[in-house]
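Residue-level listing of the chains:
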Amino acid sequence: MYKFQCNEIDITIIFPTSVVENLKKFRQTIFKKEAGGLLFCSNPNSNQINISYISSPSIYDIRSKYFFKPDEKISQATIDRLFHQGHYYVGDWHTHPEKVPTPSEQDKKTICDIYIKSNHHLHYVIILIVSSEKDFSKSYVALADGNNLYSCRPM
Ligand SMILES: [Zn+2]
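Residues numbered from 1 in each chain as written. Predicted model: local features only at pLDDT ≥ 70, side-chain atom pairs only at ≥ 80, totals over all residues. Heavy atoms only, no water.

Another point: helix 3 (residues 105-117). Here helix 3 spans 18 Å end to end across 13 residues, near enough to the 18 Å set by a 1.5 Å rise per residue. Every buried residue of helix 3 is listed here: Asp107, Ile111, Cys112 and Ile114. Viewed end-on, helix 3 has its buried residues packed into an arc of 150 degrees, placing them on one side of the element. In this structure, helix 3 carries Glu105, Ile116 and Lys117 as exposed residues pointing more than 90 degrees from its buried face. (Helix = DSSP H or I, 4+ residues; strand = E, 2+ residues; numbered from the N terminus. Expected span 1.5 Å × (residues − 1). Buried < 20%, exposed > 50% of the residue type's maximum accessible area, 1.4 Å probe, protein only. Arc of directions from axis to C-beta.)

This part takes up the coordination of the zinc ion. Bound to the zinc ion on the protein side are His94 (NE2), His96 (NE2), Asp107 (OD) and Asp107 (OD), at distances that span 2.0 to 2.6 Å. Angles of 54 to 157 degrees at the metal separate the four donor atoms of the zinc ion, which places the site in the irregular class. Read in sequence order, the donor residues coordinating the zinc ion give the pattern H-x1-H-x10-D. Of this pair, His94 sits in strand 7 (residues 88-95) while Asp107 sits in helix 3; the two residues are 13 residues apart in sequence, bridging distant segments of the chain. Relative accessible area serves as the criterion here: at 10%, His94 is assigned to the buried category. (Donors = N, O, S within 2.8 Å, 3.2 Å for Na, K, Ca; no water. Tetrahedral: all angles 85-135°; square planar, octahedral: opposite > 155°, others 65-115°.)

This part covers the pairing of strand 9 (residues 140-144). With five of five residues buried, strand 9 lies mostly within the body of the structure. Of the two faces of strand 9, the one carrying Tyr140, Ala142 and Ala144 and the one carrying Val141 and Leu143 are both buried. Across five bridges, the pairing between strand 8 (residues 125-130) and strand 9 is antiparallel. Across the sheet, Ile127 pairs through a bridge with Ala142, a residue of strand 9. The pairing of strand 9 with strand 10 (residues 149-154) spans four bridges and is antiparallel. By the bridge assignment, Ala142 is partnered in strand 10 with Ser151. (Pairing = 2+ DSSP bridges.)

Purely geometric stuff here, so don't read any function into it on its own.
Take a look at the structure:
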């Protein structure tokens, strides 16, 4: 498993091995399009957030090498369905064709908008940008509220 620690907010995000293996299938190596989806956890009120499920891209998403836009209706249906299975929506993931990904200005705006618009009870939402490298710890993980991103470091 991989753990990322956010010092500013004192929250640890845990990615179990099975989730990481699933995410690595979408690593954006050469010629692959951006992929993305939703992040879910089983314990939204803990300060050790365990990512219990990730959704995969759907055929209705808009994808290119430098762009990924999930279909909103499908996303909402997925959030509702998983809620009934005990998985709580906690954020979004996508890939970049970068070894050490950094969020674009659009990424920052999108995740802060998600925090503001989503119907959730969280103090933040998680953004994950999956590295193109095999080493998942190079991925970008941060917590976002309506204004700021608080980056998390691999432990
Ligand atoms: Zn991005």
